[in-house]
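Structural characterization, general
Residue-level listing of the chains:
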Amino acid sequence: MVIGASGQIGVELTLALRKIYGASNVIASDLREENPLLHGTGPYVSIDVMNKEMLHVQVIRQGVTQIYLLAAILSATGEKNPNLAWHLNMQGLLNVLDIAREEKLSKVYWPSSIAVFGPTSPKKNCPQQTIIEPTTVYGISKYAGEFWCNYFFNKYAVDVRSLRYPGLISYKSAPGGGTTDYAIEIFHDALEHKHYDCFLEKDTYLPMMYMPDAIRATIELMEAPSEKITTRTSYNIAAMSFSPQEIAIEIKKHIPGFAIDYAPDYRQTIANSWPQSIDDSVARKDWGWKPEFDLAAMTEDMLKNLRK
Ligand SMILES: NC(=O)c1ccc[n+]([C@@H]2O[C@H](COP(=O)([O-])OP(=O)(O)OC[C@H]3O[C@@H](n4cnc5c(N)ncnc54)[C@H](O)[C@@H]3O)[C@@H](O)[C@H]2O)c1
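Thresholds applied
- Residues numbered from 1 in each chain as written.
- Predicted model: local features only at pLDDT ≥ 70, side-chain atom pairs only at ≥ 80, totals over all residues.
- Heavy atoms only, no water.
- Near = heavy atom within 4 Å.
- Polar contact = N/O pair within 3.5 Å; in protein donor to acceptor, adjacent residues only side chain to side chain.
- Areas by Shrake-Rupley, 256 points an atom, 1.4 Å probe, with all protein chains shown as cover.
- 1 Å grid on protein atoms, 1.4 Å probe; cavity = no way out; pocket = protein on both sides within 12 Å on 5 of 7 lines; lining within 4 Å.
- Sits in = over half its atoms within 2 Å of the grid points.
- Helix = DSSP H or I, 4+ residues; strand = E, 2+ residues; numbered from the N terminus.
- Nonpolar A, V, L, I, M, F, W, Y, C, P; charged D, E, K, R; others polar.
- Pairing = 2+ DSSP bridges.
- Axes fitted to C-alpha atoms, helices over the stretch in contact; angles between N-to-C directions.
- Core = buried A, V, L, I, M, F, W, Y, C linked by side-chain atoms within 4.5 Å.
- Buried < 20%, exposed > 50% of the residue type's maximum accessible area, 1.4 Å probe, protein only.
- Contact = heavy atoms within 4.5 Å.
- Patch = residues over 30% accessible without salt bridge, like charges linked within 9 Å, V, L, I, M, F, W, Y side chains within 5 Å.
- Salt bridge = Lys/Arg side-chain N within 4 Å of Asp/Glu carboxyl O.
- Phe/Tyr/Trp six-rings, centres within 6.5 Å; stacked < 30°, edge-to-face > 60°.
- Lys NZ or Arg CZ within 6 Å of the ring centre and 35° of its normal.

The immediate surroundings of the ligand are formed by 26 residues, with Gln 8, Ile 9, Asp 30, Asp 48 and Tyr 138 found nearest. Within the contact set of the ligand, an oxygen atom lies 3.2 Å away from a backbone nitrogen or oxygen of Gly 7. A distance of 2.8 Å separates an oxygen atom of the ligand from a polar atom in the backbone of Gln 8. In isolation the ligand has 830 Å² of accessible area, and contact with the protein removes 93% of it. Counting atoms within 2 Å of the grid points, the majority share of the ligand lands in the largest pocket. Listing elements by their share of the shell around the ligand, those giving two or more residues are helix H1 (8-21), strand E6 (112-113), helix H5 (137-156) and strand E9 (167-169). Residues that form the shell around the ligand fall into these classes: 14 nonpolar, 8 polar and 4 charged.

And the structure:
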């Protein structure tokens, strides 16, 4: 069961899991209506992850063995409504972990984020274990969530696994209100208007990843033998790191007249609190993680698919 299946990651993860495990074996669920990209591709149930009883009934009724929990409030939206972000991001996770324990589910996946890191973490090649003092409500909720995952693994043997995703770039479904959303909007505006107003400064470097790499990382982590998973909080993973200026230069190679202006807003403060790049050597060593897409390959693929 994928909870939050209509979102940016959920749609692509659901489609990928259906390819591997068979359409009828992957239940998509979300609070909002089924994403049109999922129509006719497999079962869909309407679920509010905050309603534990309803979720529990569905888990039993549908014979669920694994849950991928993607429902969350993201970084930028979270700063506008801190209470809601904390409530959904924590209670949603606790509901799923409790049900996983009671129903002895075989595995749970829950994503964390580079947002766990704060201004006191190393900016470059930020390690797996380091100073972690998040300053956004989103980051606080993700860091607390990591320790709940670790707790349920140690105390109740719930096989829960997690990745600290960087900013994810994709063309299929729209982003959900994160600080790295600029790196998606820029492609749409480049193709439609040959111009983009960026909400971050030109030299703001952030860790990023193309969606196909993120989906593959998720599935590879979930399919890795349990004994290879040494980190039960959440794994650092990385693919590329670039600034708005660098992605604009890359896009210009394909759209020569493209221009970018910079008008930083409240999201600049969030971006400034995060590392510029991530050290993912533990994930590489434990379960063989390796990214495929760099900035050039991702830009080419994004433009090709958006033009379609
Ligand atoms: N997209 C990124 O760049 C990124 C980076 C780091 C971590 N993540 C994490 O990955 C996960 C998925 O992110 P996303 O970008 O797909 O987010 P998204 O906002 O696009 O999708 C989240 C989905 O959850 C659903 N949802 C919200 N409240 C719900 C509820 N009460 N019950 C059921 N469903 C509910 C929403 O309707 C939405 O479809 C989140 O945990 C997010 O923090 C994302």
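After that view, the rundown keeps rolling.
What follows covers the sheet that holds strand E11 (residues 206-210). Taken together, 3 strands build an open sheet; the order of strands is E9-E11-E13 and the sheet is mixed. Of all strands in the sheet, those bounded by a partner on one side alone are E9 and strand E13 (240-242). When the angles between neighbouring strand axes are averaged without regard to direction, this sheet yields 45°. As paired strands, E9 and E11 are joined by 3 bridges and run parallel to one another. What sits directly across from Ile 169, in E11, is Tyr 210.

This paragraph deals with the nonpolar core. Residues Ile 169, Tyr 182, Phe 187, Phe 242, Ile 247, Phe 258 and Met 298 are the most contacted members of the largest nonpolar core, which totals 39 residues. Counting only elements with at least two residues in this core, the list comes to helix H6 (182-193), strand E10 (195-198), E11, E13, helix H8 (244-252), helix H9 (267-272) and helix H11 (295-307). No other element matches the 6 residues that H6 contributes to this core. Leaving out residues up to four positions away in the same chain, Phe 187 has contacts with Ile 169, Ile 247, Ile 251, Met 298, Thr 299, Met 302, Leu 303 and Leu 306.

Let us now look at a nonpolar patch on the surface. Judged by side-chain polarity, Trp 148, Tyr 151 and Tyr 156 come together as a nonpolar surface patch covering roughly 270 Å² of accessible area. By the element assignment, Tyr 156 lies in helix H5.

Here the focus is the packing of aromatic side chains. For the structure shown, the criterion picks out 12 aromatic pairs. Taking 6.3 Å as the distance between ring centres and 90° as the angle between the ring planes, the aromatic pair formed by Tyr 182 and Phe 199 counts as edge-to-face. Here Phe 199 lies in the loop between E10 and E11 and Tyr 182 lies in helix H6, a separation of 17 residues in the sequence. A relative accessible area of 5% means that Phe 199 is categorised as buried. Of the aromatic side chains, those joined through ring pairs into one cluster are Trp 148, Tyr 151, Phe 152 and Tyr 156. A cation over an aromatic ring shows up here: Arg 101 above the ring of Tyr 156, its NZ or CZ 4.2 Å from the ring centre.

As a further point, take the pairing of strand E4 (residues 66-69). As paired elements, strand E1 (residues 2-3) and E4 share 2 bridges and run parallel to each other. Paired with Ile 3 across the strands is Leu 69, a residue of E4. In terms of strand pairing, E4 meets strand E5 (residues 107-109) through 3 bridges, oriented parallel. For Gln 66, the partnering residue across the bridge sits in E5 and is Lys 107.

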